[in-house]
Amino acid sequence: MRILVAISFIVVTLSACKVYSFTGASINPNIRTISVQYISDKSGNSPATASDIFTNTLKEKMLNATSLSFVNNGGDVEFDGFISSYNYSIQAPTGTLTSDLRRITMQVSITYINNVEEESGFETQTFSRFADYPVDEDLSSVEENIIREISEQLADDIFNKAFVNW
């Protein structure tokens, strides 16, 4: 029983002082706020909803994986960027010169500014992810879900680069 109480105390203490999180993030306790600017689309060929979906996914990731407070502008840490590429391609050709899979690849360029620890921020960095879907599925019925899937993977990559230092 004493061990359980001791472990509980340590977990509560560490999470309260923002030194350790179960996401593996290491965030300076002086960092209290975060801002995520709208991630615009400069790819020229993504659906109109891609920017909204990605921006909201990135915000949700940062808010759910940290105990930082969200501010619209000028946070202790700031994320800004744009969708730089959005492509459709054919994958897995079959013996009949057709394909069983299609792929959507999305690339984002993100700048991370850390106003508390300037050396830990990063200039514009490119992150890229993709998802495949069967050729027999209608693109218009699956594309939004694919964008959400890719956005979650990209948000994880950005979070890890900024706070887990991989």
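The text that follows walks through the structure, step by step, so that each part is easy to find.

The rules behind the values
Residues numbered from 1 in each chain as written. Predicted model: local features only at pLDDT ≥ 70, side-chain atom pairs only at ≥ 80, totals over all residues. Heavy atoms only, no water. Phe/Tyr/Trp six-rings, centres within 6.5 Å; stacked < 30°, edge-to-face > 60°. Helix = DSSP H or I, 4+ residues; strand = E, 2+ residues; numbered from the N terminus. Buried < 20%, exposed > 50% of the residue type's maximum accessible area, 1.4 Å probe, protein only. Lys NZ or Arg CZ within 6 Å of the ring centre and 35° of its normal. Salt bridge = Lys/Arg side-chain N within 4 Å of Asp/Glu carboxyl O. Polar contact = N/O pair within 3.5 Å; in protein donor to acceptor, adjacent residues only side chain to side chain. Axes fitted to C-alpha atoms, helices over the stretch in contact; angles between N-to-C directions. Parallel < 35°, antiparallel > 145°, perpendicular 65-115°, else oblique. Left-handed = near helix turned anticlockwise from the far one by under 90°. Contact = heavy atoms within 4.5 Å. Nonpolar A, V, L, I, M, F, W, Y, C, P; charged D, E, K, R; others polar.

Turning our eyes to something else, we now look at the packing of aromatic side chains. What the rule picks out here adds up to seven aromatic pairs. Here the aromatic rings of F79 and Y112 are separated by 4.8 Å at their centres, their planes lie at 25°, and the arrangement is stacked. A residue pair is termed long-range when its members are at least 10 positions apart, and F79 in strand β4 (residues 77–93) and Y112 in strand β5 (residues 99–114) qualify at 33 residues. Take Y112: its relative accessible area is 2%, and that puts it in the buried class. Judged by centre distance (5.5 Å) and plane angle (80°), the ring pair of Y86 and Y88 falls under edge-to-face. On the basis of relative accessibility, which here comes to 1%, the residue Y86 falls in the buried class. Note on Y88: relative accessible area 38%, which makes it partly exposed. An aromatic cluster is built from F79, Y112, F122, F127, F159 and F163, whose rings are joined through pairwise contacts. Lying over the aromatic face of F159, K61 brings its terminal NZ or CZ to 5.0 Å of the ring centre. One residue, R103, lies across the ring of F130, its end atom 3.7 Å from the ring centre.

Overall, the coordinates contain four salt bridges when judged by the stated rule. For R148, the salt bridge identified is with E144, shortest N-O distance 2.8 Å. With R148 and E144 both in helix α3 (residues 139–164), this residue pair falls four residues apart, about one helical turn. On the accessibility criterion, E144 (39% relative accessible area) is partly exposed.

Structurally, the position occupied by S51 is in helix α2 (residues 50–65). In terms of polar contacts, S51 uses its side chain to reach the backbone carbonyl oxygen of I39, at 3.1 Å.

Along the chain, the position of N28 falls in the loop between α1 (2–16) and β1 (33–36). For N28, a relative accessible area of 16% puts it in the buried group.

Let's shift gears to the packing of α2 against α3. Relative to each other, α2 and α3 sit at 45°, their axes nearing to 9 Å. By the angle class used here, α2 and α3 are oblique. Here the hand of the crossing between α2 and α3 comes out right-handed. Contacts between α2 and α3 pair A50, I53, F54, T57, L58, K61, M62 and A65 from the former with E144, I147, R148, S151, E152, L154, A155, D156, I158, F159 and F163 from the latter. Of the residues belonging to the contact of α2 with α3, the class tally is twelve nonpolar, two polar and five charged.

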